[in-house]
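# Reading the structure
In case you want the letters, here they are:
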Amino acid sequence: MDNSTTVRIANRKYHFPLIEGTEGEQAVDVRHLRAESGCITFDDGYGNTGSCLSDITFIDGEKGILRYRGYPIEQLAEHSTFLETAYLLIYGELPDQGQLNTFSEAVLSEAALHDRMQDFYHGFSQDAHPMVMLSAGLNALGSYYIKYGRNKREKELEAFDRIAALILSKTRTIAAMAHRMRQGLPFVYPKKKLSYCENFLHMLFSQPYDEYIAHEDVAKALDVILLLHADHEQNCSTSTVRMVASSGCNLFSSLSAGVCALWGPLHGGANMAVIRMLEAIREQGDNGDRFIEAAKSGEAKLMGFGHRIYKNYDPRAKIMKEMCERVLRVLTHAENDPLLDIARNLEEKALHDDYFIERKLYPNVDFYSGIILKAIGFPLNMFTVIFALGRTAGWISQWHEIAADPESRIHRPRQIYTGAKQRDYIPMDERV
Ligand code: ACO
């Protein structure tokens, strides 16, 4: 098979090699296009652009496949835990029992925040969004670990094992603290006997003299939510982390930038938007039928539906839907939750409607995750923080892929300029 492609530009032919990934996906390697032809490729939103070679996550959006390091997401959700999967993402292989114990203990032992970091949190306004606190907190955290390298790659890579575990632990602490400060509650430390998610729930919801003990199905659901969000190849926030990392920036600051990118409603903020949408539908006395019509006419957007990559059912949404039914049974002891009923109806109608079928719009991971988080007791503004906590595992592994690559170059896309042509400055008194 010819493994090159030919492009004709202004009557000249250029040959470009084809690159093939392990799952057979192909790319035209245009790295020399500009040097040879003077042209660049134009790909608004990067929908057809591969920005890197990566060993971490494989997605086939047409077939609804998601694998971390080769392992199907369905198997990981059923048999693994968030921490084990984080290890897999970060180190490339599943850990043996000893490796997992060491990793879990490292995460547990790093939970505390320096007193001055705690003071730092008192500087935020009472209404500060927890994503602001998480992003700022991660960036500030790096200033306490300067001896492990401040933008000095060699030192950062030597300290990587410690810093990776530390970040997984301290993002959980920062997330819990952001929530408790808004409630006016003191910080609670994790306990040795509890799992990562049991501890997170304890750190969030335990009251003075009233310890929160998570139901095992609730802790499992939260663990699966983190695991399902742990990585998703070159999405907006991960590309941001890699972009920042490509300049030589440290792990803390690269992740802080990723948190900002994740905050937007078209990305990590969609799980909040789904709940707002479902509540608005309920308040208007609609069962979802009217909303579907509004979405089709362009008046509204069906939040939690559609995906840039999945043109089939998002495999994470299937797992989340089952998990949602189970958690609601445990927490509300009721089969019918009004928001879940509306969500089920929206899904049912959309999956049989030509508008959504033609555009290949299916539920994404956020369609049901918000209902679970709401039932557990998370306020809306914590939803995206939960997403960030899970995605931290993937961001760490993606940062490492760039940091450990001796041939990595600074990311620097080009543009097609469409502004004014050169013109002369006009003095103020001559402007009309
Ligand atoms: N509701 C109604 N129509 C939609 C929706 C939706 N949720 N999503 C896309 N469409 C329509 C668009 O209006 C467009 O219609 P047109 O061809 O008539 O103009 C067509 O489907 C294609 O949509 P695009 O916006 O081009 O799709 P794109 O791949 O750029 O966007 C995105 C993907 C941003 C996820 C979009 O589907 C969306 O906004 N969904 C709702 C927000 C959401 O759930 N985001 C979470 C994504 S998953 C995640 O980040 C974890």
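Residues numbered from 1 in each chain as written. Predicted model: local features only at pLDDT ≥ 70, side-chain atom pairs only at ≥ 80, totals over all residues. Heavy atoms only, no water.

Now for the packing of helix 3 (residues 82-91) against helix 4 (residues 97-109). Helix packing geometry: the angle between the two helix axes and the distance between the axes. The geometry of helix 3 relative to helix 4 is characterised by a closest axis approach of 10 Å and an angle of 105 degrees between their N-to-C directions. With respect to each other, helix 3 and helix 4 are oriented roughly perpendicular. Contact residues: L83, E84, A86, Y87, I90 and Y91 in helix 3; Q99, L100, F103, S104 and V107 in helix 4. Residues of the contact of helix 3 with helix 4, tallied by class, amount to 8 nonpolar, 2 polar and 1 charged. (Axes fitted to C-alpha atoms, helices over the stretch in contact; angles between N-to-C directions. Helix = DSSP H or I, 4+ residues; strand = E, 2+ residues; numbered from the N terminus. Parallel < 35°, antiparallel > 145°, perpendicular 65-115°, else oblique. Contact = heavy atoms within 4.5 Å. Nonpolar A, V, L, I, M, F, W, Y, C, P; charged D, E, K, R; others polar.)

Let us look at helix 6 (residues 130-141). For helix 6, which comprises 12 residues, the first-to-last C-alpha distance of 16 Å matches the rise-based estimate of 16 Å (1.5 Å per residue) to within 8%. Most of helix 6 is tucked away: 9 of the 12 residues are buried. Listed as buried for helix 6 are P130, M131, M133, L134, S135, G137, L138, A140 and L141. Where helix 6 is buried, its residues contact helix 5 (115-122), helix 8 (160-183), helix 12 (251-263) and helix 19 (383-403). (Expected span 1.5 Å × (residues − 1). Buried < 20%, exposed > 50% of the residue type's maximum accessible area, 1.4 Å probe, protein only.)

Within the structure, the ligand sits among 18 residues, and K301, L302, G304, R308 and N364 are positioned closest to it. L302 is positioned with one of its backbone polar atoms (N or O) 2.7 Å from a nitrogen atom of the ligand. At 3.0 Å from a nitrogen atom of the ligand is found a side-chain nitrogen or oxygen belonging to Y355. About the coverage of the ligand: the protein hides 70% of its 930 Å² of free accessible area. (Near = heavy atom within 4 Å. Polar contact = N/O pair within 3.5 Å; in protein donor to acceptor, adjacent residues only side chain to side chain. Areas by Shrake-Rupley, 256 points an atom, 1.4 Å probe, with all protein chains shown as cover.)

The sheet built from 3 strands is open, its strands ordered 4-5-6 with antiparallel pairing. Each having just a single partner strand, strand 4 (57-60) and strand 6 (71-72) make up the two edges of the open sheet. Note: strand 5 (residues 65-68) against strand 6, 2 bridges, orientation antiparallel. The residue of strand 6 that forms the bridge with Y68 is Y71. (Pairing = 2+ DSSP bridges.)

The next subject is the domain arrangement of the protein chain. The domains assigned to the protein chain are domain 1 (4-50), domain 2 (70-263 + 386-403) and domain 3 (270-376). Residue-level contacts link 20 residues of domain 2 with 19 residues of domain 3. Roughly 1600 Å² is buried in total at the junction of domain 2 and domain 3, and carbon and sulfur atoms are behind 78% of that figure. Broken down residue by residue, the surface that domain 2 buries against domain 3 is led by I225, L228 and H232, which jointly contribute 30%. In this structure, the connection of domain 2 to domain 3 is made through 0 salt bridges. At the junction of domain 2 and domain 3, the tally comes to 1 residue pair in polar contact (both at pLDDT 80 or more). Elements with a contribution of two residues or more to the side of domain 2 that touches domain 3: helix 2 (73-79), helix 9 (196-205), helix 10 (216-228) and helix 19. Among the elements that take part in the side of domain 2 that touches domain 3, helix 10 stands out by supplying 7 residues, more than any other. For the side of domain 2 that touches domain 3, a count of residues per class yields 13 nonpolar, 4 polar and 3 charged. (Domains from an automatic or database assignment. Buried area = accessible area lost by both parts, 1.4 Å probe. Salt bridge = Lys/Arg side-chain N within 4 Å of Asp/Glu carboxyl O.)

Once that is clear, we can look at the side chain of R242. Structurally, R242 is set in helix 11 (residues 236-246). Under the relative-accessibility criterion, R242 is labelled buried at 4%. One polar contact links R242 to E401, side chain to side chain, over a distance of 2.9 Å. Those residues in contact with R242 that sit more than four places away from it in its chain are C52, L53, S54, Q234, Q398, E401, I402 and H411.

Take the environment of S408 next. With respect to the helices and strands, the residue S408 is situated in the segment after helix 19. By relative accessible area, which is 29% here, S408 ends up partly exposed. When the C-alpha atoms of S408 and S247 are compared, they prove to be 9.5 Å apart, with 161 residues separating the residues in sequence.

A few words now on the sheet that holds strand 1 (residues 4-9). Overall, antiparallel pairing links the 3 strands, which are arranged 1-2-3 in an open sheet. Where the open sheet ends on each side, the last strands, each with one partner, are strand 1 and strand 3 (26-28). Going across the sheet, the axis of each strand differs from the next one's by a mean of 30 degrees, ignoring polarity. Examined bridge by bridge, strand 1 and strand 2 (residues 12-20) share 6 bridges and lie antiparallel to one another. Counted as the bridge partner of R8 is K13 from strand 2.

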